[in-house]
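Each chain, letter by letter, is given below.
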Amino acid sequence: MNALVAVTIACVLTVVVADTYTSEFDNLDLDAFFQKDDQVEAFSNCLLDESTCTTDKMKHLRILLLDAYNTKCEKCTDKQKELIRKAVTLSIQKVPQQWVKIVKAFDPDGSHKESFTNFMRGE
């Protein structure tokens, strides 16, 4: 019976994990990242498809961020929601023109604007 319980728990954990994003980026130091203008510019250009994403991590993060924006971060853990909110806030403060371009690229018709704004407010 213990084996059955262990298998059931493993199956449940597999489903839960599959329903959230990878924790690979959960420890990003956003303050340090946004202090390096060249990194911010390179990643902004990656997000906008204005230049090649220079690493596989950048490519992967771009896909995750696009999905998070368009789904109101529904697959995000609480930690990831906190990071996304902080990254957006820092983007608006430090590179507002780039942020406007990113929003237009991620949501050209504005169909996700209201839901993402609500997400940013914690709703």
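Worth saying up front: this structure is predicted, and the values here are computed from it rather than measured. (Residues numbered from 1 in each chain as written. Predicted model: local features only at pLDDT ≥ 70, side-chain atom pairs only at ≥ 80, totals over all residues. Heavy atoms only, no water.)

**Here we look at helix α7 (residues 113-120)**
Working step 1: The set of residues buried in α7 consists of F116, N118 and F119. Viewed end-on, α7 has its buried residues packed into an arc of 155 degrees, placing them on one side of the element. In α7, the exposed positions that point more than 90 degrees away from the buried face belong to K113 and E114.
Working step 2: Against the buried residues of α7 lie α4 (56-70), α5 (78-94) and α6 (96-106).
Working step 3: Immediately beyond the C-terminal end of α7, within one or two residues, lies G122, with a positive phi of roughly 85 degrees. (Buried < 20%, exposed > 50% of the residue type's maximum accessible area, 1.4 Å probe, protein only. Helix = DSSP H or I, 4+ residues; strand = E, 2+ residues; numbered from the N terminus. Arc of directions from axis to C-beta. Contact = heavy atoms within 4.5 Å.)

**Observations regarding the confidence of the model for the protein**
Working step 1: Summarising the model, the protein shows a mean pLDDT of 82, and 85% of its residues fall at 70 or more.
Working step 2: Averaged pLDDT values for the elements of the protein fall to 41 in helix α1 (residues 2-18) and rise to 92 in α6.
Working step 3: Counting interchain partners and residues more than four positions distant, the pLDDT-below-50 stretch residues 1-18 has zero contacts. (pLDDT = per-residue confidence, 0-100.)

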